[in-house]
Amino acid sequence: MKFENIDKKEQGRFITRYDITYTMNDGNQKVYEMISRDKDIKSFDELHDRPADAVVLIMHSEDGERILINKEFRLAPGEWVYNFPAGLIDPGEDYKMAAERELREETGLKLIAIDDYIGESYSAVGFSNEKNVCVVGRCTGEITGSDSAVEEIEAGWYTREEVRELLKTARFAARTQAYCYMWSKE
């Protein structure tokens, strides 16, 4: 497969739509639609050689017996979805600063320790080049809810048994579902 070119199609407030043209191994061309947080991609390297856009917070209670999950009304599917707290990394922030801010904004909780981080991954590799850094840690405090007027978020602590039950019936973001499945089996 050979990259041929990328054409900017539409600029939105938060995302930009592009058409990417590749020549396939059989010689035929394929035009692939994608979206990006980057407003001005002009080359193949710019598709992937860029910093992470967002941070994902995989937070456990101080004793490790509960996991923090947001139940959030997501506009694209038009339904409530279980997901880890997450958000964009603002200009001038590193992933640690963004993790502290997003946790506070979405839940009111305080990050007390980053135990690990999982390197960059793609949010929705089928149609976007948005990258995340997953931060694994512990937090404390009282859940106060999101301070955003544009997000409907209900944060909560869940035990392994509660997560196992949720996984049977609730809608999850894929990364949250996968992690929660593994965590609930411990």
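Residues numbered from 1 in each chain as written. Predicted model: local features only at pLDDT ≥ 70, side-chain atom pairs only at ≥ 80, totals over all residues. Heavy atoms only, no water.

(A) Molecular detail of the overall build of the chain. When helices and strands are counted, the chain shows four helices and 10 strands. The C-alpha extent of the chain, read off along each of the three principal axes, is 55 × 35 × 30 Å. For the chain, with 186 residues in total, the buried portion stands at 41%. Residue pairs at least 24 apart in sequence account for 56% of intrachain contacts in the chain once pairs closer than 6 positions are excluded. Element-wise, carbon and sulfur atoms account for 49% of the exposed surface of the chain, whose accessible area totals about 10,800 Å². (Helix = DSSP H or I, 4+ residues; strand = E, 2+ residues; numbered from the N terminus. Buried < 20%, exposed > 50% of the residue type's maximum accessible area, 1.4 Å probe, protein only. Contact = heavy atoms within 4.5 Å. Areas by Shrake-Rupley, 256 points an atom, 1.4 Å probe, with all protein chains shown as cover.)

(B) Just the pattern of salt bridges, in detail. Summed over all chains, the structure comprises 19 salt bridges. Ionic pairing is found between D19 and K9, a salt bridge with its closest N-O pair at 4.0 Å. Of this pair, D19 sits in strand β2 (residues 16-23) while K9 sits in strand β1 (residues 2-11), and the two are 10 residues apart along the sequence. You can call K9 partly exposed: its relative accessible area is 46%. For the salt bridge of R160 with E65, the shortest nitrogen-to-oxygen distance reads 3.7 Å. A residue pair is termed long-range when its members are at least 10 positions apart, and R160 in helix α3 (residues 160-169) and E65 in the loop between β4 (54-60) and β5 (67-74) qualify at 95 residues. (Salt bridge = Lys/Arg side-chain N within 4 Å of Asp/Glu carboxyl O.)

(C) Expanded view of the side chain of E93. Position of E93 among the secondary structure elements: in the loop between β7 (86-88) and α2 (95-107). Classification of E93 by relative accessible area gives buried; the value is 18%. Polar contacts involving the side chain of E93 include one to the side chain of R101, which spans 2.7 Å. (Polar contact = N/O pair within 3.5 Å; in protein donor to acceptor, adjacent residues only side chain to side chain.)

(D) Summary view of the nonpolar core. Core analysis: the largest hydrophobic core is formed by 17 residues, its most contacted members being I67, I69, Y82, Y158, V163, F172 and C180. Among the secondary structure elements, those contributing two or more residues to this core are β4, β5, β9 (131-140), α3 and α4 (174-184). By residue number, the principal contributor to this core is α3, which donates three residues. In contact with V163, not counting residues within four places along its chain, are I67, I69, Y158, C180, W183 and S184. By size, the runner-up hydrophobic cluster in this structure holds 16 residues, among which are V55, L68, A99 and L103. (Core = buried A, V, L, I, M, F, W, Y, C linked by side-chain atoms within 4.5 Å.)

(E) Region of the structure containing the packing of α3 against α4. Where α3 meets α4, the axes come as close as 9 Å, and the angle between the chain directions of the two elements is 135°. Considering their axes alone, α3 and α4 lie oblique with respect to each other. Note on packing geometry: the crossing formed by α3 with α4 is left-handed. Of the residues in α4, those in contact with R160, V163, R164 and L167 of α3 are Q177, C180, Y181, W183 and S184. Taken together, the residues of the contact of α3 with α4 sort by class into five nonpolar, two polar and two charged. (Axes fitted to C-alpha atoms, helices over the stretch in contact; angles between N-to-C directions. Parallel < 35°, antiparallel > 145°, perpendicular 65-115°, else oblique. Left-handed = near helix turned anticlockwise from the far one by under 90°. Nonpolar A, V, L, I, M, F, W, Y, C, P; charged D, E, K, R; others polar.)

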